[in-house]
Amino acid sequence: MADSGGRTVSRRPRKRSTLRHVSRLRCFGAGVVGAALASTALAACGTSSAGTGATINFYSFDDPSGAVATAVTNCSKQSGGKYTITYNKLPKAADDQRLQLARRLAAADSSMDILGLDVTWEAEFAEAGWILPWTGTFRDQAEAGTLKVPLQTATWKGKLYAVPYNSNTQLLWYRSDLVKTPPKTWDQMISDAEALAKQGKPHLIEIQGAQYEGTTVWFNTLVSSAGGSILTPNSQHASLGSPAVDALKIMKRLATSTAADPSLPVQMEDQNRLAMESGAAVFQLNYPFVYPSMKADKPDLFKHFKWTLYPSVIPGKPSRVTIGGIDLAISKYSPNPQLAFQAALCLRDKENQLNAAIKGGLPPTLESLYHDPAMFPDYPFHADILTALQNASVRPQTPAYQNISIVISHLVSPPAGIDPVPTEQTMRGQINEALQSKGLIP
(Lines give C-alpha, C1' and ligand atoms only; values in the text may rest on other atoms or scores of the structure.)
Protein backbone atom coordinates (compact mmCIF):
# COMPACT_ATOMS: atom_id res chain seq x y z
CA MET A 1 0.00 0.00 0.00
CA ALA A 2 1.18 3.60 -0.51
CA ASP A 3 0.52 6.94 1.12
CA SER A 4 0.56 10.44 -0.40
CA GLY A 5 4.30 10.47 -0.42
CA GLY A 6 4.50 7.24 -2.32
CA ARG A 7 5.80 5.14 0.50
CA THR A 8 4.64 1.61 1.10
CA VAL A 9 3.08 0.75 4.43
CA SER A 10 5.63 -0.88 6.66
CA ARG A 11 5.66 -3.96 8.79
CA ARG A 12 7.43 -4.38 12.12
CA PRO A 13 11.16 -4.63 11.43
CA ARG A 14 13.07 -7.77 12.29
CA LYS A 15 15.23 -7.76 15.38
CA ARG A 16 18.85 -7.02 14.68
CA SER A 17 21.66 -8.85 16.42
CA THR A 18 22.75 -7.38 19.74
CA LEU A 19 26.26 -6.78 18.43
CA ARG A 20 25.02 -4.79 15.43
CA HIS A 21 22.59 -2.83 17.58
CA VAL A 22 25.33 -1.87 20.04
CA SER A 23 27.61 -0.91 17.15
CA ARG A 24 24.91 1.39 15.72
CA LEU A 25 24.47 3.09 19.08
CA ARG A 26 28.18 3.64 19.42
CA CYS A 27 28.36 5.23 15.99
CA PHE A 28 25.42 7.51 16.74
CA GLY A 29 26.80 8.42 20.13
CA ALA A 30 30.14 9.27 18.65
CA GLY A 31 28.47 11.70 16.32
CA VAL A 32 27.43 13.95 19.19
CA VAL A 33 30.65 14.05 21.20
CA GLY A 34 33.49 16.53 20.73
CA ALA A 35 35.18 16.75 17.37
CA ALA A 36 38.55 15.41 18.51
CA LEU A 37 37.04 12.35 20.16
CA ALA A 38 34.50 11.88 17.35
CA SER A 39 37.15 11.64 14.63
CA THR A 40 38.69 8.64 16.38
CA ALA A 41 35.51 7.00 17.58
CA LEU A 42 33.85 7.21 14.18
CA ALA A 43 36.73 5.92 12.10
CA ALA A 44 35.46 2.35 12.32
CA CYS A 45 31.79 3.16 11.75
CA GLY A 46 32.05 3.11 7.96
CA THR A 47 34.22 0.01 7.69
CA SER A 48 33.33 -3.65 7.98
CA SER A 49 35.28 -5.54 10.63
CA ALA A 50 35.09 -8.64 8.44
CA GLY A 51 37.43 -7.07 5.90
CA THR A 52 34.82 -6.99 3.15
CA GLY A 53 35.20 -3.29 2.38
CA ALA A 54 33.22 -0.35 3.69
CA THR A 55 29.82 -0.63 5.31
CA ILE A 56 27.38 1.72 3.61
CA ASN A 57 24.46 2.48 5.89
CA PHE A 58 21.21 3.03 3.98
CA TYR A 59 18.32 4.62 5.90
CA SER A 60 14.95 4.41 4.19
CA PHE A 61 11.29 3.49 4.58
CA ASP A 62 10.40 -0.01 5.75
CA ASP A 63 9.47 -1.79 2.52
CA PRO A 64 7.21 -4.80 3.19
CA SER A 65 7.50 -6.07 -0.40
CA GLY A 66 11.13 -7.10 -0.03
CA ALA A 67 12.17 -5.13 -3.14
CA VAL A 68 14.46 -2.77 -1.22
CA ALA A 69 16.11 -5.66 0.65
CA THR A 70 16.71 -7.43 -2.67
CA ALA A 71 18.32 -4.30 -4.13
CA VAL A 72 20.57 -4.03 -1.09
CA THR A 73 21.68 -7.66 -1.50
CA ASN A 74 22.19 -7.27 -5.25
CA CYS A 75 24.31 -4.14 -4.96
CA SER A 76 26.42 -5.48 -2.11
CA LYS A 77 27.31 -8.50 -4.27
CA GLN A 78 27.89 -6.41 -7.39
CA SER A 79 30.32 -4.09 -5.60
CA GLY A 80 33.01 -6.75 -5.80
CA GLY A 81 33.90 -6.37 -2.16
CA LYS A 82 34.18 -2.57 -2.19
CA TYR A 83 31.21 -2.16 0.13
CA THR A 84 28.37 -3.92 1.88
CA ILE A 85 25.08 -2.05 2.22
CA THR A 86 23.20 -2.26 5.53
CA TYR A 87 19.47 -1.49 5.24
CA ASN A 88 18.27 0.49 8.27
CA LYS A 89 14.48 0.78 8.31
CA LEU A 90 12.96 4.08 9.33
CA PRO A 91 9.67 4.41 11.28
CA LYS A 92 6.37 3.87 9.52
CA ALA A 93 5.10 7.48 9.64
CA ALA A 94 6.70 10.02 7.31
CA ASP A 95 6.91 12.68 10.03
CA ASP A 96 8.75 10.24 12.31
CA GLN A 97 11.12 9.33 9.46
CA ARG A 98 11.96 12.98 8.87
CA LEU A 99 12.41 13.66 12.58
CA GLN A 100 14.83 10.77 13.07
CA LEU A 101 16.93 11.74 10.06
CA ALA A 102 16.96 15.43 10.98
CA ARG A 103 17.99 14.83 14.59
CA ARG A 104 20.84 12.55 13.62
CA LEU A 105 22.08 14.79 10.84
CA ALA A 106 21.92 17.82 13.14
CA ALA A 107 24.23 15.85 15.45
CA ALA A 108 26.65 15.22 12.56
CA ASP A 109 26.09 11.46 12.88
CA SER A 110 28.62 9.79 10.59
CA SER A 111 26.98 6.38 10.73
CA MET A 112 24.61 7.50 7.96
CA ASP A 113 25.54 7.29 4.28
CA ILE A 114 22.53 6.96 1.93
CA LEU A 115 19.28 8.63 2.97
CA GLY A 116 15.87 7.74 1.51
CA LEU A 117 14.15 11.14 1.44
CA ASP A 118 10.53 11.91 0.84
CA VAL A 119 10.29 14.21 -2.19
CA THR A 120 9.35 17.14 0.08
CA TRP A 121 12.52 17.12 2.22
CA GLU A 122 15.30 17.87 -0.26
CA ALA A 123 15.12 21.67 -0.03
CA GLU A 124 15.12 21.59 3.76
CA PHE A 125 18.01 19.13 4.03
CA ALA A 126 20.05 20.89 1.33
CA GLU A 127 19.53 24.30 2.92
CA ALA A 128 20.66 22.88 6.26
CA GLY A 129 23.84 21.60 4.61
CA TRP A 130 23.11 17.97 5.54
CA ILE A 131 23.31 16.39 2.08
CA LEU A 132 25.91 16.51 -0.67
CA PRO A 133 25.22 17.79 -4.20
CA TRP A 134 25.58 15.36 -7.09
CA THR A 135 28.25 16.61 -9.48
CA GLY A 136 30.34 15.46 -12.42
CA THR A 137 30.00 11.84 -13.51
CA PHE A 138 27.69 10.96 -10.63
CA ARG A 139 25.22 13.67 -11.68
CA ASP A 140 25.44 12.60 -15.31
CA GLN A 141 24.62 9.00 -14.35
CA ALA A 142 21.78 10.11 -12.06
CA GLU A 143 20.13 12.16 -14.79
CA ALA A 144 20.62 9.71 -17.68
CA GLY A 145 17.24 8.30 -18.70
CA THR A 146 15.48 9.71 -15.62
CA LEU A 147 12.09 11.35 -16.02
CA LYS A 148 12.26 15.14 -15.84
CA VAL A 149 9.68 15.85 -13.13
CA PRO A 150 11.03 13.30 -10.61
CA LEU A 151 14.44 14.93 -11.15
CA GLN A 152 12.86 18.26 -10.28
CA THR A 153 11.93 16.92 -6.82
CA ALA A 154 15.63 16.22 -6.19
CA THR A 155 16.83 19.65 -7.33
CA TRP A 156 17.23 22.76 -5.20
CA LYS A 157 18.61 26.11 -6.38
CA GLY A 158 19.91 24.54 -9.59
CA LYS A 159 21.85 21.77 -7.87
CA LEU A 160 20.95 18.08 -7.85
CA TYR A 161 20.88 16.85 -4.25
CA ALA A 162 19.48 13.34 -4.72
CA VAL A 163 18.71 10.69 -7.30
CA PRO A 164 15.06 9.64 -7.79
CA TYR A 165 14.58 6.05 -6.55
CA ASN A 166 10.86 5.72 -7.28
CA SER A 167 7.89 7.95 -7.92
CA ASN A 168 4.15 7.83 -7.42
CA THR A 169 1.12 9.41 -9.01
CA GLN A 170 -2.64 9.13 -8.97
CA LEU A 171 -5.02 7.94 -11.65
CA LEU A 172 -8.79 8.05 -11.89
CA TRP A 173 -10.13 4.57 -11.10
CA TYR A 174 -13.73 3.84 -12.03
CA ARG A 175 -16.34 1.12 -12.44
CA SER A 176 -17.00 0.34 -16.08
CA ASP A 177 -20.33 -1.31 -15.24
CA LEU A 178 -21.60 2.09 -14.08
CA VAL A 179 -19.70 4.43 -16.41
CA LYS A 180 -19.18 3.41 -20.02
CA THR A 181 -17.07 6.44 -20.98
CA PRO A 182 -14.84 7.80 -18.22
CA PRO A 183 -15.01 11.56 -17.62
CA LYS A 184 -12.21 13.80 -18.82
CA THR A 185 -12.85 16.78 -16.51
CA TRP A 186 -13.80 17.38 -12.89
CA ASP A 187 -17.11 18.92 -13.96
CA GLN A 188 -17.98 15.82 -16.01
CA MET A 189 -16.98 13.47 -13.19
CA ILE A 190 -19.10 15.22 -10.57
CA SER A 191 -22.06 15.45 -12.97
CA ASP A 192 -21.79 11.73 -13.81
CA ALA A 193 -21.74 10.84 -10.13
CA GLU A 194 -24.73 13.07 -9.37
CA ALA A 195 -26.68 11.43 -12.20
CA LEU A 196 -25.97 7.98 -10.74
CA ALA A 197 -27.13 9.21 -7.33
CA LYS A 198 -30.49 10.18 -8.82
CA GLN A 199 -30.79 6.64 -10.19
CA GLY A 200 -30.07 5.13 -6.79
CA LYS A 201 -26.83 3.51 -8.01
CA PRO A 202 -23.35 3.55 -6.42
CA HIS A 203 -22.19 7.10 -7.02
CA LEU A 204 -19.55 8.29 -4.53
CA ILE A 205 -16.27 9.94 -5.52
CA GLU A 206 -13.43 8.89 -3.24
CA ILE A 207 -10.54 11.29 -2.58
CA GLN A 208 -8.39 12.42 0.33
CA GLY A 209 -10.18 15.12 2.35
CA ALA A 210 -8.75 14.72 5.85
CA GLN A 211 -6.67 17.42 7.51
CA TYR A 212 -3.25 16.08 6.50
CA GLU A 213 -0.76 16.26 3.64
CA GLY A 214 -2.92 14.21 1.28
CA THR A 215 -5.36 17.11 1.09
CA THR A 216 -2.48 19.47 0.35
CA VAL A 217 -1.61 17.15 -2.55
CA TRP A 218 -5.19 17.32 -3.85
CA PHE A 219 -5.16 21.12 -3.69
CA ASN A 220 -1.73 21.40 -5.32
CA THR A 221 -2.83 19.11 -8.17
CA LEU A 222 -5.91 21.23 -8.85
CA VAL A 223 -3.96 24.52 -8.70
CA SER A 224 -1.28 23.19 -11.06
CA SER A 225 -3.91 21.75 -13.40
CA ALA A 226 -5.59 25.17 -13.47
CA GLY A 227 -2.33 26.71 -14.66
CA GLY A 228 -1.10 28.12 -11.36
CA SER A 229 1.21 27.38 -8.48
CA ILE A 230 1.21 27.72 -4.72
CA LEU A 231 4.56 29.56 -4.59
CA THR A 232 6.36 31.98 -6.88
CA PRO A 233 9.24 30.50 -8.94
CA ASN A 234 11.81 31.67 -6.37
CA SER A 235 9.80 30.07 -3.52
CA GLN A 236 9.83 33.37 -1.61
CA HIS A 237 6.13 34.28 -1.72
CA ALA A 238 2.67 32.78 -2.19
CA SER A 239 1.42 32.80 -5.76
CA LEU A 240 -2.12 31.31 -5.72
CA GLY A 241 -4.55 33.80 -7.36
CA SER A 242 -7.36 32.76 -9.72
CA PRO A 243 -6.06 29.18 -10.30
CA ALA A 244 -6.24 28.62 -6.55
CA VAL A 245 -9.75 30.05 -6.42
CA ASP A 246 -10.77 27.67 -9.22
CA ALA A 247 -9.24 24.76 -7.30
CA LEU A 248 -11.09 25.73 -4.13
CA LYS A 249 -14.37 25.96 -6.06
CA ILE A 250 -13.94 22.37 -7.30
CA MET A 251 -13.19 21.09 -3.80
CA LYS A 252 -16.21 22.95 -2.45
CA ARG A 253 -18.48 21.69 -5.24
CA LEU A 254 -17.55 18.08 -4.64
CA ALA A 255 -17.89 18.35 -0.87
CA THR A 256 -21.40 19.83 -1.10
CA SER A 257 -22.70 17.52 -3.82
CA THR A 258 -24.43 14.14 -3.62
CA ALA A 259 -21.22 12.68 -5.07
CA ALA A 260 -19.29 13.34 -1.86
CA ASP A 261 -18.61 10.50 0.55
CA PRO A 262 -20.05 11.51 3.95
CA SER A 263 -16.64 10.59 5.40
CA LEU A 264 -14.74 12.94 3.05
CA PRO A 265 -13.46 15.21 5.88
CA VAL A 266 -11.63 12.31 7.53
CA GLN A 267 -10.69 10.19 4.54
CA MET A 268 -7.16 9.19 3.53
CA GLU A 269 -5.86 6.89 0.80
CA ASP A 270 -6.68 3.58 2.45
CA GLN A 271 -10.18 4.65 3.46
CA ASN A 272 -10.75 5.57 -0.19
CA ARG A 273 -9.59 2.11 -1.26
CA LEU A 274 -11.89 0.38 1.21
CA ALA A 275 -14.89 2.51 0.22
CA MET A 276 -14.36 1.61 -3.43
CA GLU A 277 -14.05 -2.07 -2.56
CA SER A 278 -17.28 -1.88 -0.55
CA GLY A 279 -19.19 -1.14 -3.76
CA ALA A 280 -20.49 2.28 -2.73
CA ALA A 281 -18.24 4.34 -5.01
CA VAL A 282 -18.04 4.81 -8.75
CA PHE A 283 -14.84 6.90 -8.87
CA GLN A 284 -11.62 6.96 -6.90
CA LEU A 285 -8.61 9.29 -7.20
CA ASN A 286 -5.76 7.24 -5.80
CA TYR A 287 -2.37 5.57 -6.25
CA PRO A 288 -1.68 2.29 -8.11
CA PHE A 289 -1.71 0.21 -4.91
CA VAL A 290 -5.50 0.04 -5.23
CA TYR A 291 -5.26 -2.19 -8.31
CA PRO A 292 -3.68 -5.32 -6.76
CA SER A 293 -5.79 -4.76 -3.66
CA MET A 294 -9.04 -4.83 -5.63
CA LYS A 295 -7.81 -7.87 -7.55
CA ALA A 296 -7.12 -9.79 -4.36
CA ASP A 297 -9.99 -8.57 -2.18
CA LYS A 298 -12.93 -8.13 -4.56
CA PRO A 299 -12.55 -10.30 -7.69
CA ASP A 300 -16.19 -9.72 -8.69
CA LEU A 301 -15.73 -5.95 -8.71
CA PHE A 302 -12.24 -6.23 -10.14
CA LYS A 303 -13.54 -7.24 -13.58
CA HIS A 304 -15.21 -3.80 -13.76
CA PHE A 305 -12.30 -1.90 -12.16
CA LYS A 306 -10.74 0.33 -14.81
CA TRP A 307 -8.48 3.36 -14.93
CA THR A 308 -7.87 6.52 -16.89
CA LEU A 309 -5.92 9.74 -16.53
CA TYR A 310 -6.70 12.11 -13.67
CA PRO A 311 -9.52 14.49 -14.69
CA SER A 312 -8.62 17.92 -16.05
CA VAL A 313 -9.58 21.25 -14.55
CA ILE A 314 -9.43 23.03 -17.92
CA PRO A 315 -11.09 21.08 -20.77
CA GLY A 316 -8.54 19.96 -23.32
CA LYS A 317 -5.54 20.55 -21.05
CA PRO A 318 -3.96 17.59 -19.24
CA SER A 319 -4.05 17.45 -15.47
CA ARG A 320 -0.79 17.98 -13.61
CA VAL A 321 -0.92 15.44 -10.81
CA THR A 322 1.33 16.01 -7.81
CA ILE A 323 3.90 13.23 -7.59
CA GLY A 324 5.32 11.47 -4.56
CA GLY A 325 8.20 9.06 -4.20
CA ILE A 326 11.58 8.55 -2.58
CA ASP A 327 14.87 10.18 -3.57
CA LEU A 328 18.29 8.90 -2.47
CA ALA A 329 20.63 11.50 -0.98
CA ILE A 330 24.15 11.22 0.40
CA SER A 331 24.82 12.48 3.92
CA LYS A 332 27.42 15.22 4.29
CA TYR A 333 28.80 13.25 7.24
CA SER A 334 29.28 9.96 5.38
CA PRO A 335 32.84 8.65 5.86
CA ASN A 336 32.62 7.04 2.39
CA PRO A 337 30.79 9.51 0.13
CA GLN A 338 32.25 8.25 -3.16
CA LEU A 339 31.19 4.68 -2.42
CA ALA A 340 27.81 5.94 -1.19
CA PHE A 341 27.19 7.70 -4.53
CA GLN A 342 28.07 4.47 -6.36
CA ALA A 343 25.82 2.38 -4.12
CA ALA A 344 22.88 4.77 -4.50
CA LEU A 345 23.13 4.58 -8.28
CA CYS A 346 23.11 0.80 -8.06
CA LEU A 347 20.09 0.73 -5.73
CA ARG A 348 18.00 2.58 -8.32
CA ASP A 349 19.32 0.93 -11.48
CA LYS A 350 17.00 -0.61 -14.07
CA GLU A 351 16.93 -4.11 -12.56
CA ASN A 352 16.14 -2.88 -9.05
CA GLN A 353 13.54 -0.34 -10.16
CA LEU A 354 11.76 -3.01 -12.22
CA ASN A 355 11.71 -5.31 -9.22
CA ALA A 356 10.38 -2.50 -7.01
CA ALA A 357 7.59 -1.81 -9.50
CA ILE A 358 6.55 -5.45 -9.76
CA LYS A 359 6.92 -6.36 -6.09
CA GLY A 360 6.27 -3.03 -4.38
CA GLY A 361 3.94 -1.39 -6.88
CA LEU A 362 5.87 1.89 -6.97
CA PRO A 363 6.33 3.57 -10.37
CA PRO A 364 9.92 3.70 -11.69
CA THR A 365 11.74 6.93 -12.48
CA LEU A 366 13.65 5.48 -15.45
CA GLU A 367 11.60 6.14 -18.57
CA SER A 368 12.83 3.06 -20.46
CA LEU A 369 11.10 0.73 -18.01
CA TYR A 370 7.69 1.93 -19.18
CA HIS A 371 8.49 0.37 -22.55
CA ASP A 372 9.82 -2.88 -21.08
CA PRO A 373 7.43 -5.84 -21.63
CA ALA A 374 8.60 -7.33 -18.33
CA MET A 375 6.62 -4.63 -16.56
CA PHE A 376 3.38 -4.95 -18.53
CA PRO A 377 1.64 -7.91 -16.84
CA ASP A 378 1.72 -6.36 -13.35
CA TYR A 379 1.44 -2.78 -14.61
CA PRO A 380 -1.23 -2.81 -17.30
CA PHE A 381 -1.72 0.92 -16.63
CA HIS A 382 1.96 1.68 -17.34
CA ALA A 383 1.23 3.97 -20.31
CA ASP A 384 -1.11 6.18 -18.29
CA ILE A 385 1.33 6.28 -15.37
CA LEU A 386 4.07 7.43 -17.76
CA THR A 387 1.81 10.12 -19.22
CA ALA A 388 0.89 11.30 -15.73
CA LEU A 389 4.55 11.48 -14.68
CA GLN A 390 5.53 13.36 -17.82
CA ASN A 391 2.84 16.00 -17.16
CA ALA A 392 3.21 15.98 -13.38
CA SER A 393 3.64 18.74 -10.83
CA VAL A 394 5.65 18.75 -7.61
CA ARG A 395 4.81 19.95 -4.14
CA PRO A 396 5.93 23.49 -3.25
CA GLN A 397 9.74 23.40 -3.09
CA THR A 398 10.89 25.22 0.00
CA PRO A 399 12.62 24.41 3.30
CA ALA A 400 9.36 25.55 4.91
CA TYR A 401 7.25 22.91 3.14
CA GLN A 402 6.04 21.27 6.36
CA ASN A 403 4.69 24.62 7.59
CA ILE A 404 3.02 25.40 4.28
CA SER A 405 1.38 21.98 4.10
CA ILE A 406 -0.11 22.51 7.56
CA VAL A 407 -1.45 25.92 6.55
CA ILE A 408 -3.12 24.52 3.43
CA SER A 409 -4.58 21.38 5.00
CA HIS A 410 -6.09 23.38 7.86
CA LEU A 411 -7.77 25.78 5.45
CA VAL A 412 -9.14 23.26 2.94
CA SER A 413 -10.32 20.58 5.35
CA PRO A 414 -13.18 20.03 5.79
CA PRO A 415 -13.69 20.85 2.12
CA ALA A 416 -17.34 21.76 2.67
CA GLY A 417 -16.17 24.70 4.81
CA ILE A 418 -14.25 26.33 1.97
CA ASP A 419 -15.31 29.84 0.89
CA PRO A 420 -13.18 30.11 -2.26
CA VAL A 421 -12.22 33.79 -2.44
CA PRO A 422 -11.79 34.48 1.32
CA THR A 423 -10.05 31.12 1.77
CA GLU A 424 -7.53 32.01 -0.97
CA GLN A 425 -6.88 35.39 0.65
CA THR A 426 -6.37 33.88 4.10
CA MET A 427 -4.14 31.16 2.66
CA ARG A 428 -1.99 33.71 0.87
CA GLY A 429 -1.35 35.63 4.08
CA GLN A 430 -0.63 32.56 6.19
CA ILE A 431 1.73 31.04 3.61
CA ASN A 432 3.69 34.29 3.44
CA GLU A 433 3.92 34.32 7.23
CA ALA A 434 5.09 30.69 7.23
CA LEU A 435 7.76 31.51 4.66
CA GLN A 436 8.98 34.32 6.90
CA SER A 437 9.02 32.00 9.94
CA LYS A 438 6.32 33.99 11.72
CA GLY A 439 4.79 30.82 13.07
CA LEU A 440 1.93 28.51 12.23
CA ILE A 441 -1.77 28.53 12.78
CA PRO A 442 -2.74 26.55 15.92
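Every value quoted in this text rests on a predicted model; they were computed, and no experiment measured them.

Novice: Explain helix α14 (residues 337–347) to me, please; I cannot follow it from the model alone.
Specialist: Along an α-helix, residues three or four positions apart point the same way, because every turn accommodates 3.6 residues. Most of α14 sits out of view: eight of its eleven residues are buried. Of all the residues in α14, the buried ones are Leu339, Ala340, Phe341, Ala343, Ala344, Leu345, Cys346 and Leu347.

Novice: I keep staring at the nonpolar core and nothing clicks. Help me out?
Specialist: As a rule of thumb, soluble globular proteins bury nonpolar side chains together. Among the nonpolar cores identified, the biggest contains 53 residues, and Phe58, Ile85, Leu101, Ile114, Trp134, Leu328 and Leu347 are the most heavily contacted of them. Counting residues per element, this core draws most heavily on α14, which supplies eight residues. Here Ile114 is in contact with Ile56, Asn57, Phe58, Tyr59, Leu328, Ala329, Ile330, Ala340, Ala343, Ala344 and Leu347, once residues within four sequence places are set aside. One finds Ala226, Ala244, Leu285 and Val313 within the second-largest nonpolar core, a separate group that totals 45 residues.

Novice: Just to check I follow, could you spell out the sheet that holds strand β10 (residues 305–308) for this structure?
Specialist: The pairing of strands in a sheet happens through backbone hydrogen bonds and is either parallel or antiparallel. With mixed pairing, four strands are arranged side by side in an open sheet as β8-β9-β7-β10. Of all the strands in the sheet, the pair left with one neighbour each is β8 (204–206) and β10. Going across the sheet, the axis of each strand differs from the next one's by a mean of 20°, ignoring polarity. Where strand β7 (residues 171–175) and β10 come together, four bridges link them in antiparallel fashion. Directly across from Trp173, in β10, lies its bridge partner Trp307.

Novice: Teacher, can you tell me more about the pairing of strand β9 (residues 281–286) here?
Specialist: Residues in a regular strand point their side chains to alternate faces of the sheet. Taking burial as the measure, the six residues of β9 include six buried ones, the bulk of the element. Pairing analysis gives four bridges linking β7 to β9, with the strands arranged antiparallel. Pairing of Leu171 across the sheet is with Asn286, part of β9. Both β8 and β9 contribute to a ladder of three bridges, which runs parallel. Within β9, the position partnered with Ile205 by the bridge is Phe283.

Definitions and limits used
Residues numbered from 1 in each chain as written. Predicted model: local features only at pLDDT ≥ 70, side-chain atom pairs only at ≥ 80, totals over all residues. Heavy atoms only, no water. Buried < 20%, exposed > 50% of the residue type's maximum accessible area, 1.4 Å probe, protein only. Helix = DSSP H or I, 4+ residues; strand = E, 2+ residues; numbered from the N terminus. Core = buried A, V, L, I, M, F, W, Y, C linked by side-chain atoms within 4.5 Å. Contact = heavy atoms within 4.5 Å. Pairing = 2+ DSSP bridges. Axes fitted to C-alpha atoms, helices over the stretch in contact; angles between N-to-C directions.

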